[in-house]
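A closer look at the structure
Residue-level listing of the chains:
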Amino acid sequence: MIRIATAECFTHGRIGLEIHAISRGYYMNISHTLNFEPSRLSLIASLFIPTLSGVRSILGFEPLEPDDLLDGIKVYNDEKDKIMAVKMAEAVRSITGADIGIGSTAGIGKGAVAVADERTVLTGFSEVYADLRTSDADIIMKRQESGIEEAFVLLEKILIENYS
């Protein structure tokens, strides 16, 4: 059994929800289907952590200085989002004892996702630019969908490369 944990921001815990559904034999809202045996997957935790205080108190590390704050919600540019997504993936993997950790965060830009196990860290971005401070909700949600899809592309790569 391959244990997976997520620490998500802009994907609102939906990566974890999808992994759980897939591991139980059904797909919910994503169009990407894993080229991997779903019954070997187990979601052990899925966390929605949009705030600096959540990163500190739950994931246990000091986050990067944000470019902006919206009611405690961290807002980074793409470069910092990539760093934070990796840190979130590694922290949730470590805290839960999972085999694979997934992190996501987005503020100003495309938003980053990271998938990490003990040997490999893969990162990527959604294909949709948005600014959490000013973009319309439909653009924010399109970025989310694209980020979820990217997370599954990266997850599939790690599963095939390291767990086949």
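Each remark here, short or long, concerns the structure printed above.
To start, this report covers the structure provided alongside it. (Residues numbered from 1 in each chain as written. Predicted model: local features only at pLDDT ≥ 70, side-chain atom pairs only at ≥ 80, totals over all residues. Heavy atoms only, no water.)

1. Quick word on the overall build of the chain
From N to C terminus, the chain includes 4 helices and 9 strands. What you see in the chain, going N to C, is helices and strands ordered as β-α-β-α-β-β-α-β-β-β-β-β-α. Taking 2.2 N^0.38 as the reference for a compact globule, 164 residues should give roughly 15 Å; the C-alpha atoms of the chain span a radius of gyration of 15 Å, in line with that estimate. Expressed as lengths along the three principal axes of its C-alpha atoms, the size of the chain is roughly 40 × 30 × 20 Å. For the chain, the proportion of its 164 residues judged to be buried stands at 51%. Put simply, of all contacts in the chain between residues at least 6 apart along the chain, 60% involve residues at least 24 apart. For the chain, the exposed area adds up to about 7400 Å²; of that, 50% sits on carbon and sulfur atoms. Side-chain charges of the chain comprise 16 positive and 24 negative groups, with the mean position of each set lying 3 Å from the other. (Helix = DSSP H or I, 4+ residues; strand = E, 2+ residues; numbered from the N terminus. Rg over C-alpha atoms; globule rule 2.2 N^0.38 Å. Buried < 20%, exposed > 50% of the residue type's maximum accessible area, 1.4 Å probe, protein only. Contact = heavy atoms within 4.5 Å. Areas by Shrake-Rupley, 256 points an atom, 1.4 Å probe, with all protein chains shown as cover. Lys, Arg positive; Asp, Glu negative; His and termini not counted. Charge placed at Lys NZ, Arg CZ, Asp CG, Glu CD.)

2. Some remarks on the sheet that holds strand E7 (residues 112-116)
A sheet is described by the order of its strands in space; here 5 strands give the open sequence E2-E1-E5-E7-E8, paired in mixed fashion. A strand with exactly one partner marks an edge of an open sheet, and here the two such strands are strand E2 (41-48) and strand E8 (121-125). Averaged over all pairs of adjacent strands, the angle between their axes in this sheet comes to 15°, without regard to strand direction. Here 5 bridges tie E7 to E8, and the two strands are oriented antiparallel to one another. Across the sheet, Val-115 pairs through a bridge with Leu-122, a residue of E8. Strands in contact with helix H4 (residues 137-163) are strand E1 (2-8), E2, strand E5 (100-105), E7 and E8; relative to E7, the strand with the most contacts, it is inclined by about 20°. (Pairing = 2+ DSSP bridges. Axes fitted to C-alpha atoms, helices over the stretch in contact; angles between N-to-C directions.)

3. What to know about the pattern of salt bridges
Under the defined criterion, the tally for this structure stands at 6 salt bridges. The partner of Asp-99 in a salt bridge is Arg-3, and the shortest N-O contact between them spans 3.2 Å. Remark: Arg-3 occurs in strand E1 and Asp-99 occurs in the loop between helix H3 (78-96) and E5; sequence separation between them is 96 residues. According to the relative accessible area criterion, Asp-99 is partly exposed, its value standing at 22%. Here Arg-3 falls in the partly exposed class, since its relative accessible area comes to 34%. Close ionic contact of Asp-68 with Arg-133 constitutes a salt bridge, the shortest N to O distance being 3.6 Å. (Salt bridge = Lys/Arg side-chain N within 4 Å of Asp/Glu carboxyl O.)

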